[in-house]
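The lines below spell out each chain.
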Amino acid sequence: MRDSTYFSIVESIYEAAADPSQWSMALGKLAAASIGGQSFMVVHDPVQGVGTCSWHANWDPRWVAAYDRHYASRNPWLARVARRPAGRAEPAEFFLARADLRKTEWYNDFLRPQGLGSAIGVTLLQDRTRYITAGVLVPERDEAEHKASVAFLQRLAPHLQRALQVNRQLAGADMQWQAAQACFDRLDTGVVLVGGDRRVRLANAQAQRILRQGDGLSQDRDGHLRAASGPDDRLVQAALQSILAGDAMPSGAGDVLAVRRRSAKRPYGLLVAGLRPSSMMPDAAGTMAIVLIMASDGERTIKAETVAKLLELTGAEARVVTLLASGVRAPDIGPAMNVSYNTVRTLLARAMAKTETTTQANLVRLAVSVGAGALA
């Protein structure tokens, strides 16, 4: 096979690594390199005798359906697939001699009606009793042609394996992301992820409701998170800028930002923190900010009882912490609890000592994680 054909197939394989829907394109190029071939990627369990053709090219869909429904369990090659080490390309005759193959239902009722008589294949992944294999079904060929096709598939085998590994890793990451997003949507606290361009990348259900209301916080036409009040917006933007630049919170921003609301309800409490890229990343382009939006006006909020129980605080200590997390400024907590400001400071100090936190921001973050993290 020409190198240009090889590199074209490799390019398509790695496109399929990022986008599994491109596997048919990659397999189509593989089939084109094998005259008269029909390429496939199948998942097979020889113990249960079941198999599924996940991706294919140049293969009549009716025969694919027949394979999944019946002939996978009649395939004598896959019944012996455990004999072939993963990553090693082999012809079908590695499993069964042609003379013996011609005696099987697989050959007489499935292969021969399609003008096929052999195959080349490689096991890409072996997971307990499950095997994922790729290859090409071909007409019967002379030995020289067969050896050339096997050698060509062997050159492609490492790329096919890596691409499939990437598929699995991305699928796992996607499932984790969907699970995380589902949990975010059940939080009492609004959660907003802001990218390096200051645009909102994700907002959970609570945050979306808050932003739609536009009562103090909203999302502008360019996708930026905005506060309704000019002074509050400048403070929010300064906090985001510092976080996304990898700096500490700007002086004067405070531990929890209070964002006033047009409705004159109690301000939203905003906690802004950074999500840093992996240390393996060459730069900080992936840095994001996470903004927690907390309300204390009868909307769903974190419960003092939950915080007290999970953080082992007294009722009064937990009440102070949850009010602070809900956006109430420390000087205003005293009147809300009918205690002095000195008492509030004492309760906060005790809560910080018990939770081993050193700042109000860390204390609030911890309270939100245990209180708002409880599923509704």
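Rules and cut-offs
Each chain has its residues counted from 1, following the order in which its sequence is written. This being a predicted model, a pLDDT of at least 70 is required before a residue's local features are given, and a value of 80 or more before pairs of side-chain atoms are given or counted; all residues contribute to the totals for chains, interfaces and linings. Heavy atoms throughout the structure, all of them, feed into the side-chain values; hydrogens and water do not. Any two of the Phe, Tyr and Trp rings considered here, Trp counted by its six-membered ring, make a pair once their centres fall within 6.5 Å; the pair's planes then place it as stacked at under 30 degrees, edge-to-face at over 60, or tilted in between. Buried residues are those whose accessible area, probed at 1.4 Å on protein chains only, stays under 20% of the maximum for their type, while exposed residues exceed 50% and partly exposed ones sit between those limits. Pairing between strands is defined by DSSP: at least two bridges between them are needed. Strands here are runs of E lasting at least two residues and helices are runs of H or I lasting at least four, both read from the DSSP assignment and numbered beginning at the N terminus. Along the arc lie the directions from the helix axis toward the C-beta atoms. In this description, contact between two residues means that some pair of their heavy atoms is separated by no more than 4.5 Å. For this analysis, a salt bridge means a side-chain nitrogen from Lys or Arg found within 4 Å of a carboxyl oxygen belonging to Asp or Glu.

1. Some words on the packing of aromatic side chains
Turning to step 1, where the next piece is worked out: This model, assessed by the stated rule, comprises 11 aromatic pairs.
Turning to step 2, where the next piece is worked out: Judged by centre distance (5.2 Å) and plane angle (70°), the rings of Tyr 6 and Phe 7 are edge-to-face.
Turning to step 3, where the next piece is worked out: A residue is classified by how much of its surface remains accessible, and Phe 7, at 51% relative accessible area, is exposed.
Turning to step 4, where the next piece is worked out: Put simply, the rings of Trp 59, Trp 63, Tyr 67, Tyr 71, Trp 77, Trp 106 and Phe 110 touch in pairs and so form one group of aromatic residues.

2. Here's the deal with the pairing of strand β7 (residues 200-203)
Turning to step 1, where the next piece is worked out: Here strand β6 (residues 190-194) runs beside β7; their pairing, made up of three bridges, is antiparallel. Directly across from Val 194, in β7, lies its bridge partner Val 200.

3. With respect to helix α10 (residues 304-311)
Turning to step 1, where the next piece is worked out: When we look at burial in α10, the residues that qualify are Ala 304, Val 307, Ala 308 and Leu 311. The buried residues of α10 all sit within an arc of 100° when viewed along its axis, so they share a single face. Residues Glu 305 and Lys 309 are exposed on α10 and point more than 90 degrees away from its buried face.
Turning to step 2, where the next piece is worked out: Count one or two residues on from α10 and you reach Glu 312, which has phi positive near 60°.

4. Focus: the side chain of Asn 75
Turning to step 1, where the next piece is worked out: In this structure, Asn 75 sits in the loop between α3 (61-69) and α4 (76-79).
Turning to step 2, where the next piece is worked out: If we skip the residues at most four places from it in the chain, Asn 75 touches Tyr 67 and Trp 106.

5. Quick look at the pattern of salt bridges
Turning to step 1, where the next piece is worked out: By the definition in use, this model includes 18 salt bridges.
Turning to step 2, where the next piece is worked out: Among the salt bridges present, the one from Glu 93 reaches Arg 98, with a minimum N-O distance of 2.9 Å.
Turning to step 3, where the next piece is worked out: Among the ionic pairs, Arg 260 bridges to Asp 232, the shortest N-O distance being 3.1 Å. Placement of the pair is Arg 260 in the loop between β10 (257-259) and β11 (268-275) and Asp 232 in helix α9 (residues 230-244), with a sequence separation of 28 residues.

6. Overview of helix α8 (residues 205-213)
Think of an α-helix as turning once every 3.6 residues; residues three or four places apart then point the same way.
Turning to step 1, where the next piece is worked out: Every buried residue of α8 is listed here: Gln 206, Ala 207, Ile 210 and Leu 211. The buried residues of α8 all sit within an arc of 130° when viewed along its axis, so they share a single face.
Turning to step 2, where the next piece is worked out: Next to the buried residues of α8 lie β6, β7, β8 (217-219), β9 (225-227), β11 and β12 (288-294).
Turning to step 3, where the next piece is worked out: Phi turns positive, to about 65°, at Gly 214, one or two residues after α8.

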